[in-house]
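# Structural overview
So you can see what is in the structure, the chains are spelled out below.
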Amino acid sequence: MTEEPATAGVLDDDPPPPGRSGRHSAPRSSGGVLRTVIRGIGQTLITLGVVVLLFVVYEVYVTDLFGERKQAAATSALDAQWSEHAAPATGGTAVTTVVETAQATAVVDAEQQAVDPRTRKKNYDTTLGDGFAKIYVPAFGADFVFTIIEGTNPDDLYVGPGHYPDTQYPGQPGNFSVAGHRVSKGSPFNDLGLLASCDALVIETQDDWFVYRVLPMADEAAGWSSTQHDHCAGVEPQSGQYAQVTGRTIVDPSDYAVVLPVPGVNSTEVPPGAERLITLTTCHPQFSDAERMIIHGVLVKSYAKAPGFLPPELKETS
Amino acid sequence: MYTWIWRHLPGPTGVRLLQVLVLFLAVVALLFFVVFPWLEPYLPFDRVSVSQ
């Protein structure tokens with residue numbers, strides 16, 4: 001009890017209660033009111049500053065933690081779905097043996113697993129908010145994999161990269177378009193600005209692997225030679241109605257045409273003989289969403305999935 | 001405001017510091033789990049998709 005007034009006095013510049021020194025009480029209390037008001041404003045500003053800093057921490061770190069947990073849940077749900085599909089309950093031991101034999105050979109020979117994407121059917125259904133495919137970007141490291149969610153509303157994108165539901169699916173003619181956060185919520189597409197032409201964007205679906213490669217950048221198209229780099233086979237500057245499609249562009253947020261079957265052409269129709277493209281969208285510049293960064297890639301290779309088989313492109317880590 | 005809170009916390013200085021810490025963490029949790037998630041959609045740096 002004896003300590004309390006002293007402690008309060010140290011931290012508290014309030015004037016002493018009136019009456020303690022009667023002669024000065026009137027001027028002191030008016031100065032005290034002014035001081036209290038100024039101190040109140042100061043404290044409010046400092047508090048707001050701390051709240052803004054906390055928001056930065058939340059946005060850059062805390063949402064990453066939340067996003068990673070949601071992503072992990074979506075991934076294990078998809079893995080369970082796929083393993084259920086791969087091993088129906090009726091599978092006997094004989095089947096298992098065959099699969100294991102196939103596995104041993106498949107690991108050796110990737111060409112054996114290569115398939116024509118025209119022969120592949122989409123044998124899975126998608127549900128808004130649930131994962132249906134995985135994206136690997138070996139250039140970002142061997143461990144870069146995200147489960148792609150159907151849908152691009154904020155809740156979907158919190159879980160992982162989201163597929164624009166009106167666009168095509170992996171391997172199909174047209175444009176498989178995916179949006180992802182650049183900063184916060186797991187930041188799947190943080191490094192899209194670092195992608196170079198011919199970098200592999202590998203999509204895993206229930207039955208297939210689809211290997212897309214980033215198209216030549218606008219400044220590389222002239223003088224392009226697909227033999228200049230080991231990984232550029234099948235990657236050419238675009239022509240005809242695709243002439244405007246390059247590896248990376250920065251567009252306005254309202255430019256929905258970039259995710260349409262022929263990027264930049266305002267039609268949802270997939271034209272006959274359409275290319276099989278992938279489009280990734282994220283916000284630009286970093287920490288802003290004034291614009292969008294768009295990455296376009298083209299399908300160069302498809303593999304049928306087999307137990308133990310991984311596409312050799314996954315090893316293209318740089 | 002902060003002096004008012006400090007004055008109204010019971011106990012000696014150490015106990016008060018502990019209470020201040022708990023109060024601060026409670027406010028941070030409120031911000032992180034309620035206020036910021038609500039606020040976020042209205043702010044201009046989190047939209048990544050294109051739309052018409």
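Up top is the structure these notes are about.
Residues numbered from 1 in each chain as written. Chains lettered and ligands numbered in written order. Predicted model: local features only at pLDDT ≥ 70, side-chain atom pairs only at ≥ 80, totals over all residues.

Turning to the overall build of chain A, a few remarks are in order. Counting its secondary structure elements, chain A contains five helices and nine strands. The order of α-helices and β-strands along chain A, N terminus first, is α-α-α-α-β-β-α-β-β-β-β-β-β-β. Put simply, chain A has 318 residues, and 35% of those count as buried. Pairs at least 24 residues apart make up 59% of the contacts formed inside chain A by residues separated by at least 6 positions. (Helix = DSSP H or I, 4+ residues; strand = E, 2+ residues; numbered from the N terminus. Buried ≥ 20, exposed ≤ 12 C-beta atoms within 10 Å, placed from the backbone. Contact = placed C-beta atoms within 7 Å.)

If you tally the helices and strands in chain B, you get two helices and zero strands. A principal-axis box enclosing the C-alpha atoms of chain B has dimensions of 60 × 15 × 15 Å. Buried residues in chain B amount to 10% of all 52 residues.

All names here are of chain A. The biggest cluster of nonpolar side chains holds 49 residues, and the ones touching the most others in it are Ile135, Ile148, Leu201, Val202, Ile203 and Tyr212. Top element by residues in this core is strand 9 (residues 291-304). It accounts for six residues. Here isoleucine 148 is in contact with Gly131, Phe132, Ala133, Lys134, Ile135, Gly160, Pro161, His163 and Val178, once residues within four sequence places are set aside. (Core = buried A, V, L, I, M, F, W, Y, C linked by C-beta atoms within 7 Å.)

A word on the environment of arginine 47 of chain B. Along the polypeptide, arginine 47 of chain B turns up in the segment after helix 2 (13-39). Considering only alpha carbons, one finds arginine 47 of chain B and alanine 29 of chain B, 18 residues apart in sequence, at a separation of 24 Å.

Here we take up the interface of chain B and chain A. Each partner contributes to the interface: chain B provides 20 residues, whereas chain A provides 32 residues. When contributions to the side of chain B that touches chain A are tallied by element, the ones reaching two or more residues are helix 1 (2-8) and helix 2 of chain B. By residue number, the principal contributor to the side of chain B that touches chain A is helix 2 of chain B, which donates five residues. Taken together, the residues that form the side of chain B that touches chain A break down as 12 nonpolar, five polar and three charged. (Nonpolar A, V, L, I, M, F, W, Y, C, P; charged D, E, K, R; others polar.)

With that settled, the discussion passes to the environment of tyrosine 242 of chain A. All names here are of chain A. Relative to the assigned elements, tyrosine 242 resides in the loop between strand 6 (208-214) and strand 7 (248-251). A count of 19 C-beta atoms within 10 Å places tyrosine 242 in the partly exposed class. Note: C-alpha distance between tyrosine 242 and glycine 264 (22 residues apart in sequence) is 8.2 Å. Residues contacting tyrosine 242, with those up to four places away along its chain left out, are Val262 and Glu275.

What follows covers the pairing of strand 1 (residues 131-136) of chain A. All names here are of chain A. Most of strand 1 is tucked away, with six of its six residues classed as buried. Examined bridge by bridge, strand 1 and strand 2 (residues 145-150) share five bridges and lie antiparallel to one another. Its bridge partner being in strand 2, lysine 134 is matched across the sheet by threonine 147. With three bridges connecting them, strand 1 and strand 5 (residues 200-204) associate as antiparallel partners. From the neighbouring strand, lysine 134 faces strand 5, where its bridge partner is glutamate 204. (Pairing = 2+ DSSP bridges.)

Attention now moves to unusual backbone geometry. All names here are of chain A. In this structure, proline 285 follows histidine 284 across a cis peptide bond, with omega equal to -10°. Locating proline 285 in the fold gives a position in the loop between strand 8 (276-284) and strand 9. Positive phi values are uncommon outside glycine, yet lysine 185 reaches one of about 60°. Looking at the element boundaries, lysine 185 is found in the loop between strand 4 (174-179) and strand 5. The phi angle at serine 187 is positive, at roughly 45°, despite the residue not being glycine. Topologically, serine 187 is positioned in the loop between strand 4 and strand 5. Overall, serine 187 belongs to the partly exposed group, with 18 C-beta atoms counted inside 10 Å.

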